[in-house]
Amino acid sequence: MTLSVSRATGVATMTLPPRMPMAEAADFALRHRDWLEARMGAMPDAVPFADGMTLPYRGRDLRVVRRDGRGVRLAGETVEVGGAAEALPGALERWLKAQARTRLLARSQAHAATLGTGFERIAIRDTRSRWGSCSSSGTLSYSWRVILAPDPVLDYLAAHEVSHLREMNHSARFWAHVENLCPDYRDRQDWLRDHGPDLHRYGRT
């Protein structure tokens, strides 16, 4: 039996052997109650989108500033969000999703061209369990939150999913494609493993 708590979602998961009596599983959880409470209590706080907040964006820390007018724009080390204060969270999230779509589409197209393959479309989502996926129909799905990570991490994610267009598995051939596209992909994997869960805090309330 194992217990784990996701840093991205805060959800506790118990894995049991086949045919394990539920009474034993409940006893196991109770015996580890202190550990579970400590892990849940150590979860990082949510960071709502708000005027004056610090926002990670493509490897930089930017300050979010509300302004009069309309639209969202970069201005030096700030992100200026036009409109009423109550509209800021939605406007900022839509802008981040649009930025993610633009960069992920460009990098996916570049990597697909290198591998001599293509895809149908990309989909931008807000998944917590995975950063990306590739369907057998040729749709590449990505979490928009990767735009909060440094550019090389986003590039690795695109390379990973595009490589599935050639190999719908994680075989040695698959990883050879990834390495061809991203020779230092292991460093980028490490960043996503170590820091990726924290990106799920932003925009939460």
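Description of the structure in this document. (Residues numbered from 1 in each chain as written. Predicted model: local features only at pLDDT ≥ 70, side-chain atom pairs only at ≥ 80, totals over all residues. Heavy atoms only, no water.)

On the surface, Met 1, Leu 16 and Met 22 cluster together to form a nonpolar patch covering roughly 280 Å² of accessible area. Here Met 1 shows up in the segment before β1 (2–5). (Patch = residues over 30% accessible without salt bridge, like charges linked within 9 Å, V, L, I, M, F, W, Y side chains within 5 Å. Areas by Shrake-Rupley, 256 points an atom, 1.4 Å probe, with all protein chains shown as cover. Salt bridge = Lys/Arg side-chain N within 4 Å of Asp/Glu carboxyl O. Helix = DSSP H or I, 4+ residues; strand = E, 2+ residues; numbered from the N terminus.)

One ladder, built from 4 bridges, connects strand β3 (residues 54–57) with strand β4 (residues 60–67); its direction is antiparallel. Counterpart to Tyr 57 in the pairing with β4 is Arg 60. (Pairing = 2+ DSSP bridges.)

What follows concerns the sheet that holds strand β7 (residues 121–125). One open sheet accounts for 3 strands, arranged β7-β9-β8; its pairing is mixed. What marks the edges here is a single partner per strand, and that holds for β7 and β8 (132–134). Adjacent strand axes in the sheet meet at a mean angle of 15 degrees, parallel and antiparallel pairs treated alike. Of the pairings in the sheet, the one linking β8 to strand β9 (residues 139–143) comprises 3 bridges and is antiparallel in character. The partner of Gly 132 across the bridge, within β9, is Tyr 142. Against the sheet, helix α3 (residues 88–115) touches β7 and β9, its axis set at about 145 degrees to β7. (Axes fitted to C-alpha atoms, helices over the stretch in contact; angles between N-to-C directions. Contact = heavy atoms within 4.5 Å.)

Before going further, it helps to examine the nonpolar core. In terms of nonpolar packing, the biggest core is built from 46 residues, with Phe 49, Leu 55, Leu 92, Leu 96 and Tyr 142 touching the most fellow members. The biggest single contributor to this core is α3, with 9 residues. Ignoring sequence-local partners within four residues, the contact set of Leu 96 consists of Phe 49, Leu 55, Tyr 57, Trp 144, Ile 147 and Leu 148. (Core = buried A, V, L, I, M, F, W, Y, C linked by side-chain atoms within 4.5 Å. Buried < 20%, exposed > 50% of the residue type's maximum accessible area, 1.4 Å probe, protein only.)

Inspection of the entire model under this criterion finds 5 aromatic pairs. By the ring-pair criterion, three or more aromatic residues cluster together here, those being Tyr 156, Phe 174, Trp 175 and Tyr 185. (Phe/Tyr/Trp six-rings, centres within 6.5 Å; stacked < 30°, edge-to-face > 60°.)

Here the focus is the pattern of salt bridges. This model, assessed by the stated rule, comprises 15 salt bridges. In this structure, Glu 167 engages Arg 173 in a salt bridge whose closest nitrogen and oxygen atoms are separated by 3.2 Å. Residue classification places Arg 173 among the exposed residues on the basis of a relative accessible area of 55%. A salt bridge links Arg 193 to Asp 190; the shortest N-O distance between them is 2.9 Å. Pair noted here: Arg 193 and Asp 190 are both in helix α6 (residues 185–199), with a separation of 3 residues, about one helical turn. Residue class for Asp 190 comes out partly exposed when judged on its relative accessible area of 31%. Through salt bridges with shared partners, one network takes in Arg 107, Asp 155, Asp 184 and Arg 188.

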